[in-house]
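Observations on the three-dimensional arrangement
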Amino acid sequence: MKNNEAAENEGLLVRRIKNGTVIDHIDGGEALNVVKILGITGTTQEALSIATNVPSGNMGKKDIVKLTNRELSKEEVDRIALISPRATINIIRNFKVFEKKGVEIPTLIEGLVRCPNPGCISNTHEPIRSKFRVRPEGIHCIYCDWVISRDITSHII
Amino acid sequence: MHHIISIGDFDRDGIDRLLDHAGQIQKKKYDAHALDGRILAVLFFEPSTRTRLSFQSAMARLGGTSLSVGSVEACSMAKGETLADTVRVVSGYADAIVIRHPKEGAARLAAEFSTVPVINAGDGAGQHPSQTFLDLYTIRQSMPLDGLDIALIGDLRYGRTAHSLASALSLYNARLHTICPKGLELPATLAAQLAAKGTEIIEHDNLEEIIPDMDVLYVTRIQRERFPDSASYFNVASSYRITPELLAGAKKRLIVLHPLPRVDEIDPRVDALPHARYFEQSRNGVPVRMAMLMQVMQ
Ligand SMILES: [Zn+2]
């Protein structure tokens, strides 16, 4: 019952979509970072709706992002996991949830985060993407060992 | 393909094996033709004559030859070219590459693009594993590596040799005692990593007080550039200077190490004491690097 109620409430905030992806259970306030990760801007095609700070039983507050006519690549899902490990990805086809899955934090993040260390080789014109290994205490640059332990989103390229 | 990029890539067994091998080499138990016909490219983008000569000597003692590119040549060769390209080209000329570069992570990058093994001989403020191996080797000549009380003295913020030694010793249950000027403390991230591995780090203000409890003093250079003027530098530097008087109350087995070159950190009168091991430490560079070369090329 409770779930239905919640769904009703969300329905008021964000319209249902025919085909596309609903990213649900995003940590409260992180929706805009999810949009940033997905590279959606005024020049891209997707119609996008965002609900932020939606009351949620388990999480207190959550954000929701709905994208029409777009399904996400594995790499994109991994990136979302990094900033919102409890997020769920719902693929919608013809108004129905075709597939629902959680996200998994990757062990290696490539090309997503810029190393804050100015002396790091990854901040030069070398033909490489940044690479960070995910560890319990934070993410480590594999080149210079720099650790980013909080506010990872502010380092997203 | 086996590279040697960071001491952090080694577990305790791996370190012990390499040190054991270096010990055999030092006893002249090695094949002087082990690397006959092999070529080592020594690619230094930053001057460090000692490290370069030490690798070249190591290669020659194993029957191999080396192509050495000094810092001026290396930089002009690389003019406008990426390090990735330079490494791709040079790995066509040699069977292994030793690289020193001012940027952190340069050796890791080189290993990604090289078709031959890469050994890191120092990358900026980052890693310098051959120095760490020879530091460990020198300590082990005097005492087992387990459970040591080691004092890290001087510039602990920028002193990369102290960082890698601290990381390596955390595998051997060392207690780390730090003594350094304000502003030159161990980087917080490193301290957190060491603490996470269960290593005890104890900060001290007074060097003299802790000398009687120490097994190893690891002294690093405090650079004059870190201070606003010469007077404040001399003031600070003199309070970290190792003298025979300071060592009067030391354990018999205490050893003093320094990655050299030293400036004022150690009084020359200490050289004659049995505690002084920094010249031995520097001589150990050749057998330790021989072991490293054999490990990557055999
Ligand atoms: Zn880095």
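Residues numbered from 1 in each chain as written. Chains lettered and ligands numbered in written order. Predicted model: local features only at pLDDT ≥ 70, side-chain atom pairs only at ≥ 80, totals over all residues. Heavy atoms only, no water.

1. A word on the domain arrangement of chain A
All names here are of chain A. For the record, the criterion: All the domain ranges listed were derived from an automatic or database domain assignment. Throughout, a residue-residue contact means that at least one pair of heavy atoms, one from each residue, lies within 4.5 Å. When two parts are put together, the accessible area they lose, computed with a 1.4 Å probe and summed over both, is reported as buried area. What counts as a salt bridge is simple: a side-chain nitrogen of Lys or Arg found within 4 Å of a carboxyl oxygen of Asp or Glu.
Taken domain by domain, chain A consists of domain 1 (3–102) and domain 2 (108–155). Domain 1 and domain 2 are separated by 26 Å when their C-alpha centres are compared. Contact residues are listed per partner, giving 8 residues for domain 1 and 9 residues for domain 2. Together domain 1 and domain 2 conceal approximately 600 Å² of surface at their shared face, both sides included; 64% is due to carbon and sulfur atoms. When residues of domain 1 are sorted by the area they lose upon contact with domain 2, Glu75, Arg79 and Leu82 head the list and together hold 70% of the total. Across the contact surface, domain 1 and domain 2 share 1 salt bridge. Across the pair Arg129 and Glu75 runs a salt bridge whose closest N-O atoms are separated by 3.2 Å.

2. Structural notes on the coordination of the zinc ion
All names here are of chain A. Worth spelling out the cut-off: Note: metal donors comprise N, O and S atoms at 2.8 Å or less from the metal (3.2 Å for Na, K and Ca); water molecules are not included, so apparent gaps in a site are possible. For a four-donor site, all angles between 85 and 135 degrees give tetrahedral; for four or six donors, opposite pairs above 155 degrees with the remaining angles between 65 and 115 give square planar or octahedral; all remaining cases count as irregular. Secondary structure elements are taken from DSSP: a helix is a run of H or I of four residues or more, a strand is a run of E of two residues or more, and numbering for both begins at the N terminus. The buried label applies to any residue whose accessible area, calculated with a 1.4 Å probe on protein chains only, is under 20% of its type's maximum; exposed applies above 50%, and partly exposed to all values in between.
Protein ligation of the zinc ion involves Cys115 (SG), Cys120 (SG), Cys141 (SG) and Cys144 (SG), the donor distances falling in the range 2.3 to 2.4 Å. Around the zinc ion, the 4 donor atoms sit at angles spanning 99 to 118 degrees, and that spread fits a shape best called tetrahedral. Counting gaps between the donor residues of the zinc ion yields the pattern C-x4-C-x20-C-x2-C. Note that Cys120 is positioned in the loop between strand 6 (108–110) and strand 7 (131–135) and Cys141 in strand 8 (residues 138–141), a separation of 21 residues in sequence. By the burial criterion, Cys120 is buried, and Cys141 matches it.

3. Brief notes about the sheet that holds strand 8 (residues 216–219) of chain B
Residue and element names in this part refer to chain B. The test is simple: Here, strands pair whenever DSSP counts at least two bridges between them. Here an axis means a line fitted to C-alpha atoms, over the contact stretch when the element is a helix, while the angle between two N-to-C directions is reported on a 0 to 180 degree scale.
Spatially, the 5 strands line up as an open sheet ordered 7-6-5-8-9, and their pairing is parallel. Strand pairing shows two members of the sheet lacking a second neighbour, strand 7 (200–203) and strand 9 (255–257), which therefore form its edges. Each adjacent strand pair in this sheet contributes to an overall mean axis angle of 20 degrees, direction not counted. Strand direction decides the pairing type here: strand 6 (residues 175–179) and strand 7, joined by 4 bridges, are parallel. Counted as the bridge partner of Arg175 is Glu200 from strand 7. Running over the sheet, helix 7 (residues 160–169) touches strand 5 (149–153), strand 6 and strand 8 and is turned about 165 degrees from strand 5.

4. As for the interface of chain B and chain A
Operational definition: Polar contacts, as counted here, are pairs of nitrogen or oxygen atoms within 3.5 Å of one another; within protein the pair requires one atom able to donate a hydrogen and one able to accept it, and residues that are adjacent in sequence qualify only if both atoms are side-chain atoms.
Taken together, the contact pairs 16 residues of chain B with 18 residues of chain A. The junction of chain B with chain A conceals about 1300 Å² of combined surface from both sides, 55% of it contributed by carbon and sulfur atoms. On the surface where chain B and chain A come into contact, there are 1 salt bridge. As a salt-bridge pair, Glu112(B) and Lys131(A) come within 3.3 Å of each other at their nearest N and O atoms. The tally of links from chain B across to chain A stands at 9 residue pairs in polar contact (both at pLDDT 80 or more).

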